[in-house]
Amino acid sequence: MQDSFGRTIQYLRLSVTDLCNYRCIYCMPQEGVCKKHHADMLTIEEMTEIVRAAHALGINKVRLTGGEPLVRKGLITLCRNIKAIDSAIELGITTNGSLLSPIAKELNAAGVDRLNISLDSLDPETFNKITRGGDPQEVLSGIKAAQDAGFENIKINTVLLKGFNDGELYDFIDLTKDNAIHVRFIELMPLGVAKDWERDRFMSTAMIEGMLQNAELLKIDGVARVYRLPDHKGTVGLICPMSQSFCPSCNKIRVTADGKLKPCLHSDQEIDLKGLQGKALEEAIKSGILQKPESHRFGTAGASTTRYMNEIGG
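Reading guide: rules and limits
Residues numbered from 1 in each chain as written. Predicted model: local features only at pLDDT ≥ 70, side-chain atom pairs only at ≥ 80, totals over all residues. Heavy atoms only, no water. Buried < 20%, exposed > 50% of the residue type's maximum accessible area, 1.4 Å probe, protein only. Helix = DSSP H or I, 4+ residues; strand = E, 2+ residues; numbered from the N terminus. Pairing = 2+ DSSP bridges. Right-handed = clockwise from strand over helix to strand, strands pointing away. Polar contact = N/O pair within 3.5 Å; in protein donor to acceptor, adjacent residues only side chain to side chain. Contact = heavy atoms within 4.5 Å.

Draft legend 1. Seen up close, the pairing of strand 5 (residues 155–159). Most of strand 5 is tucked away, with five of its five residues classed as buried. Across the two faces of strand 5 the burial is the same, with Lys155, Asn157 and Val159 and Ile156 and Thr158 all buried. As defined by bridge partners, strand 4 (residues 114–118) adjoins strand 5 across three bridges and the pair is classed as parallel. By the bridge assignment for strand 5, Ile117 is matched with Ile156. Where strand 5 lies against strand 6 (residues 182–186), five bridges are found, and the strand directions are parallel. In the strand pairing of strand 6, Val159 is matched with Ile186. For the segment spanning strand 5, helix 6 (residues 169–178) and strand 6, crossover handedness is right-handed.

Here is the structure:
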């Protein structure tokens, strides 16, 4: 299905929970978030029906997000349900990786095709500050467990935070030397907690391009420009929502864990899907697609949504 600007919408990011075992400084407030009533959140069955209806409208790529999706009970069942709708659906999960070790094999067996793992620092002290209590070794162990479970093309997502991880950029790039790992540097967006941050905390991916001397631009993969350095097994990707808007090629919609379809990440516009079934559900999703704005407004007024990033799912 196409939106009103002729973009073909094929990608659904479905948040399975707004809860997380970390409290990253750019994602949620220091005190954490108020836990919502269980009845207000989507059930596994409702999530399955949303994917079914979206697939009927042409969605062929689904990414499960959070919060931290691995804290959601029934996640494995949801993965199996999605693959039962159509085994050709590309199913991914974005996770902080800290809880991945014991569940990696189950996720692979349930049909998960891709893993994106958030990792903003390799330094224990810096990582602890960013996540407010996390240990990077838990994430690195999760990555190793995922590789051992058979996952290929694992992507590491690193949000650029000036004054926090800007001194580690070469360390992240070096991860691609001997491992078939894809590190993706992402510009911080002024959304949620970060909306009120001073602009000197924001970094552009332009500075990283200068660090990729002799790198080959391999491809444009969705929203990422992907490079490979000589003799490196992995790749480096740059995602630039601020400095180089990718809105003209945006092909995604988002559904929050409490059942609200968001046509755009930045917007406060939401369509309630909870409780809908069949054709009514399809029509609501279709309406959301047709209401996608032409572009975000991060560069002007900032995000208009009042939700924190953990509530939206990224």
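What follows picks up the thread again.
Draft legend 2. How the structure looks around the side chain of Asp258. When you line up the elements, Asp258 lands in the loop between strand 10 (252–255) and strand 11 (260–262). Exposure remark for Asp258: the relative accessible area of 9% places this residue in the buried category. There is a polar contact of 3.1 Å between the side chain of Asp258 and the side chain of Lys36. A polar contact is formed between the side chain of Asp258 and the side chain of Thr256, at a distance of 2.4 Å. When residues no more than four places from it in sequence are discounted, the contact partners of Asp258 are Lys36, Asp40, Met41, Leu42, Lys274 and Arg307.

Function-wise, these values are silent; they only describe arrangement.
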